[in-house]
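Spelled out from the first residue to the last, the chains are:
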Amino acid sequence: MIRYIIRRILWAVVLFIAVTVVTFVIFFVIPANPAALIAGKAPRPIDIQRAAHFIGTDKPVWYQYGKFLGRLVGVQWDRQDGEVWNIRFASPSLGRSFATRQNVNDIVARAAPVTASLVIGGAIIWLLIALPLGILSALRPRSLLDRSGMVFVLIGISAHPVWLGLIFAYVFGYKLGWTPITGYCNAVNPVGSCGGPVDWAYHLILPWVTFAILFAALYVRMIRANVMETMNEDYVRTARAKGAPEWQVMRSHVLRNALLPVVTMLGMDISLALGGAVFTETVYGLPGLGRTLLQSLDAFDLPTTLGIVVFATMSIIVINLFVDLIYAVIDPRIRLA
Amino acid sequence: MTRKVWLGVAMLATGVTLLVAAGLAAGATGGAKSAQAAKASHAKTGLSMNIDLSSTDFDYLDPALAYADWSWQFTYLMNCKLLNYPDKNAPEGTKLQAEAADFPVVSKGGTVYTFTIKPDAGGCKFNTGEKVTAQSFADAINRDLNPAMASPAVQFITDIVGASDVAAGKGTTASGVVVNGNKLTITLTKPSADFLARIALPFFAAIPHGMPVNGKGETTFASAGPYMVSNWTQGRSAEFDRNPNYTGKRPHNVSKFTVTVNTDPDQAFLQVKSGQVDDDVGGPPPTQKQALLQAGLLNKQLFINPTASTTYVAMNTSRGIFQDVNARKAVNYAVDRHAMLSAFGVLAGTRDDQFMAPVVPGYKKANIYPTKAPSNAKAKSMYSKGGSAVVYVRNRPYQVVQGTILQYNLKQIGIDASVQAFPAATFYAKAGTKGEAFDAAVGAWGWDYPDPADFLNVFFDGNRIQDNNNQNFSYFNVASVNKQLERAASLSGDARYAAYGNLDVSIAKDYAPHANLYHATLPTYFSARMDPSCYVYQPIYARPDLGAVCFK
């Protein structure tokens, strides 16, 4: 187990360096100058030079990348007069935004809970929909419930979250007035008059449902197929032949095996959903990671983009590692070593 | 099996019940909020106003750094300046008036400006109780110049004696900025007729003594104007309250502004429509304007106002077919300005063939080229050699459509154009690079300060062409025109405006480096509880004056 974890962490480091190098290179290939953007609308060359010095883009790309990596592990360094290296230790940092000059740690720390709220709440809802619907559809194939479920699946997979979001906001937010049309409130640390668990949940009802529908549809189909396949397994037939009660057959033999891939998928989807949440965040004005990433790209804000990429990469790596470990626990046939 | 089915049904029902319960609970809360809003709608002033700022956030609120026009809409509420623009519609709103100081005494050579701060500083006082003094303005200028601020304000005050030294890190106070009691003396390196317009920029508003030099920008700080920022959580929301110490005459009808940032434009529109918020600073979505017009809401809830901006096709005079002045003139005849503007939306602007917008002082209408429909016959008579052209556009959907329209228009006069779309930052970087291989670019420009020099000298003064970051996308560089622009810049008053007005016409007529398309308008959609009779559009900031709004 320890060897497996070490191996995964080493791969994570390689992956991390690859992702950040690619992001860095893409930014420097694009012919736009962030220093010019912050120097004003019609700046003189000297104004742009000063702005470049202020944000550090007057140095070579390798130097900037080195500074980025150093900051990330808490080592800051400067090269003075081309000779002297001034190395010091500080708190790990993702740097400072070109566009807003804020600390990227703060930007990510503010945006990540929003995305986490959306994704985790959405995941609970999609499971609440998908588990019963998928299982019931499998138990009663070609029944009215099964066919209705498949219609839901078709709609859920076909409807884009932006379209769903606009429709939901119009119907439930504007016409019926049941929910807010847009916006977000913190669960803790209220901002202004908006905050607390009730406001938080109230503002997230529509985003959760919008976000969950696509995944719920995918999961209904997957759970239905898995359960149907497992029900035809020999060991299920044997259990029934031995006179085991139906609920026990379902719980211990069918569902336990049928839902195993769902755990894997859930882990992967939750980590991928960190990026996929961008549509829901955009349409409901949620200040999460996806929306912040889009805005940073629009503003040519490399540090913020990199900060979110780093955070998302780390999240995906950690969640996948966690899922793999869980997998080993719930399935005795799997041994990581 | 039956038991198993019922178990599943129960799980499904639980999920649905949770959703419905949440919806009903929320409905009750929403209803309570609506009732509260309805109850409060009787008073005229003193109410709070909820505002959305869709698709973006304030860039900064710190006066040294705020540069976005929507940020200036709010800093206008907070700022106290030496001279300021009144809270009035055009034309009164475009005329500088004394605020904290009287109009300055200008030395004979035109390089020394002496401002005398009024005894009550025009009613300005910081919300902390600190008085506004001459030092408050000197501090602002020196803080802007400090390299640790990296302020875009520097480009507007490089002609103050000693400013460049401070900007280069040599010292902390510009030698040309001197405080003596209630007098502030500013010395320039050479006379400048637009100095007052520049010093009235929001960058140079009074700041409290000891305001930190903070390159990230202060988020909350003391203000001396009618309002102050009491809270700004970046990426989320901001709150602006009345400054309790302000005793000036500027309107401050609203007791509090709560601004939610980064909302979706479509959802923000629904919020305004339903009365959940009173205004989306981003304006209504273009697709909704027609419906609002048909509902008879123009000048009741929907307001359309001109801006000091221009959208144009710049033709690169330094290479290719547009070195030929007749080709440039032909494009001016061939371009379909009506279609170009239609792509931007309903009531989105005013078609025009001139560079300066009508609100720019000195503008005079000349009707040089057709604005209603293209005149291909005339265009072909001017230029029939054909050729090819690379056209740069930005990549928003309507801008890509405009690129396609231009491509079609050019085809009508035998020019084969290939259109390349880029994100805005890339577009401006590429088109602004001297020697870049393009022939035309569809760009836009809005003024920083109300002076024709901020249009014509920016576009057409060839002496300002540099290696990168040009706004002169046509790379127009004619010695005689450069001289005339420099001469116009040295004039003041009516003579200045007349000179620029003439240049605006003559450059378009004789050289046609741009095919100007239209001057955009700014649509504003207020909620039904706002009283349209109080609506004031501040023409300099090209935004509704939020301090002046009131309620039905």
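Bringing the pattern of salt bridges into the picture now. All names here are of chain A. Counted according to the given criterion, the structure contains 23 salt bridges over all chains. A salt bridge links Arg-50 to Asp-47; its shortest N-O distance comes to 3.4 Å. Remark: Asp-47 and Arg-50 occur in helix H3 (residues 45-55); sequence separation between them is 3 residues, near one turn of the helix. By relative accessible area, which is 22% here, Arg-50 ends up partly exposed.

Here we come to the domain arrangement of chain A. Residues and elements named next belong to chain A. Per the domain assignment, the segments making up chain A are domain 1 (2-89) and domain 2 (106-330). The distance between the C-alpha centroids of domain 1 and domain 2 comes to 35 Å. Residue-level contacts link 18 residues of domain 1 with 16 residues of domain 2. Across the domain 1 to domain 2 interface the summed buried area is about 1,500 Å²; carbon plus sulfur atoms make up 88%. For the domain 1 face of the interface with domain 2, the top three residues by lost area are Arg-8, Phe-16 and Phe-27, together amounting to 37%. At the surface where domain 1 touches domain 2, the tally comes to 0 salt bridges. Inspection of the region where domain 1 meets domain 2 yields 0 residue pairs in polar contact (both at pLDDT 80 or more). Of all the elements, helix H1 (residues 2-29) adds the most residues to the side of domain 1 that touches domain 2, at 12 residues.

On to H3 of chain A. Residue and element names in this part refer to chain A. Inspection of H3 places Asp-47, Ile-48, Ala-51, Ala-52, Phe-54 and Ile-55 among the buried residues, and these make up the whole buried set. The arc that holds every buried residue of H3, seen down its axis, measures 160 degrees, which confines them to one face. Exposed and oriented more than 90 degrees from the buried face of H3 are Gln-49 and His-53. Of the surrounding elements, those touching the buried residues of H3 are helix H2 (34-38).

Below, the discussion takes up a nonpolar patch on the surface. Residue and element names in this part refer to chain A. The grouping of Ile-9, Val-13, Ile-17, Val-21, Val-25 and Val-29 at the surface amounts to a nonpolar patch, some 480 Å² of accessible area in total. Residue position: Val-21 is located in helix H1. Look at Val-21 and you get partly exposed, because its relative accessible area is 32%.

Our focus in this paragraph is the state of the cysteines. Residue and element names in this part refer to chain B. Under the criterion given, the structure shown has 2 disulfides over all chains. Each sulfur of the disulfide joining Cys-80 and Cys-124 lies 2.2 Å from the other. Looking along the S-S bond of the Cys-80-Cys-124 disulfide, the torsion reads about 95 degrees, which is the right-handed sense. Here Cys-124 lies in the loop between strand S5 (112-116) and helix H3 (134-145) and Cys-80 lies in the loop between helix H2 (69-78) and strand S2 (83-84), a separation of 44 residues in the sequence. The buried category is assigned to Cys-124, whose relative accessible area is 4%. Here Cys-534 engages in a disulfide with Cys-550; their sulfurs sit 1.7 Å apart. Its S-S torsion of about 70 degrees marks the bond between Cys-534 and Cys-550 as right-handed, since a negative value means left-handed.

Further remarks concern unusual backbone geometry. If a residue is not glycine, its phi is most likely negative; likewise, a peptide bond is most likely trans. All names here are of chain B. Look at the link from Ala-90 to Pro-91: it is a cis peptide, with omega at 5 degrees. Positionally, Pro-91 belongs in the loop between S2 and strand S3 (97-98). Not every positive phi belongs to a glycine, and Asn-262 is a case in point at roughly 65 degrees. Following the sequence through the fold, Asn-262 ends up in strand S10 (residues 256-263). Here Asn-299, not a glycine, exhibits a phi torsion of approximately 65 degrees, which is positive. Mapped onto the fold, Asn-299 is located in the loop between helix H7 (289-294) and strand S12 (302-306).

This next bit is on the nonpolar core. One recurring pattern in soluble globular proteins is that nonpolar side chains are buried together. By size, the foremost hydrophobic cluster in this structure holds 123 residues, and its most contacted members are Phe-115, Ile-160 and Phe-322 of chain B. Not counting residues up to four positions away in its chain, the partners in contact with Ile-160 of chain B are Ile-141, Ala-174, Gly-176, Val-177, Ile-186, Thr-187, Leu-188, Thr-189 and Phe-195 of chain B. Judged by nonpolar contacts, the second largest core, of 58 residues, contains Ala-130, Tyr-174 and Met-231 of chain A together with Leu-292 of chain B.

Let us look at the packing of H1 of chain A against helix H14 (residues 302-330) of chain A. Residue and element names in this part refer to chain A. At their nearest, the axes of H1 and H14 sit 10 Å apart, and the two run at 155 degrees to each other. One way to sum up the angle between H1 and H14 is to call them roughly antiparallel. H1 and H14 meet at a crossing whose hand is right-handed. Residues Tyr-4, Ile-5, Arg-8, Ala-12, Leu-15, Phe-16, Val-19, Thr-20, Thr-23, Phe-24, Phe-27 and Phe-28 of H1 form the contact with H14, whose own contacting residues are Leu-302, Thr-305, Leu-306, Val-309, Val-310, Thr-313, Met-314, Ile-317, Asn-320, Leu-321, Asp-324 and Leu-325.

Below, the discussion takes up the environment of Gly-387 of chain B. Residue and element names in this part refer to chain B. With respect to the helices and strands, Gly-387 occurs in strand S15 (residues 387-394). Separated by 60 residues in the primary sequence, Gly-387 and Ala-327 have C-alpha atoms spaced 10.0 Å apart. Residues within four places of Gly-387 in sequence aside, it is in contact with Ile-321, Gly-414, Ile-415 and Asp-416.

Rules behind the numbers
- Here the residue numbers are simple positions, counted from 1 along each chain's written sequence.
- Following the order in which they are written, the chains are lettered starting with A and the ligands numbered starting with 1.
- Residues qualify for local features only when their pLDDT is at least 70, as the model is predicted, and side-chain atom pairs are given and counted only at 80 or more; totals for whole chains, interfaces and linings, by contrast, use all residues.
- Hydrogens and water are ignored here; the side-chain numbers use all heavy atoms of the structure.
- Salt bridge criterion: a side-chain nitrogen from Lys or Arg within 4 Å of a carboxyl oxygen from Asp or Glu.
- Segments assigned H or I by DSSP are reported as helices when at least four residues long, segments assigned E as strands when at least two residues long, and all are numbered from the N terminus.
- Remark: exposure states derive from per-residue accessible area (1.4 Å probe, protein chains only) relative to the maximum for the residue type, with buried under 20%, exposed over 50%, and partly exposed in between.
- Domain extents, as shown, originate in an automatic or database domain assignment.
- Any two residues whose heavy atoms approach within 4.5 Å at even a single point are treated as in contact.
- Note: buried area is the sum, over both parts, of the accessible area (probe 1.4 Å) each one loses when the two are combined.
- In the analysis that follows, any N or O atom pair within 3.5 Å is treated as a polar contact, provided that within protein one partner can donate a hydrogen and the other can accept it, and provided that, for residues neighboring in sequence, both atoms belong to side chains.
- Of all possible arcs, the one meant is that of the directions from the helix axis to the C-beta atoms.
- Two joining distances apply to patches: 9 Å for like charges and 5 Å for nonpolar side chains (Val, Leu, Ile, Met, Phe, Trp, Tyr), and every residue must have over 30% relative accessible area and no salt bridge.
- Here, Shrake-Rupley sampling with a 1.4 Å probe gives the accessible areas, and only protein chains in the shown set may cover a residue.
- The disulfide criterion used throughout: a pair of cysteine sulfur atoms within 2.5 Å.
- Working definition of a nonpolar core: buried Ala, Val, Leu, Ile, Met, Phe, Trp, Tyr and Cys residues. They are joined through side-chain atoms within 4.5 Å.
- Think of each axis as a best-fit line through the C-alpha atoms, taken over the contacting stretch in the case of a helix, with angles from 0 to 180 degrees between the N-to-C directions.
- Note that the term roughly parallel is reserved for angles under 35 degrees, roughly antiparallel for angles over 145, roughly perpendicular for angles of 65 to 115, and oblique for everything else.
- Helix crossings fall into two classes, left-handed where the near helix is turned counterclockwise from the far one by less than a right angle and right-handed where it is turned clockwise.

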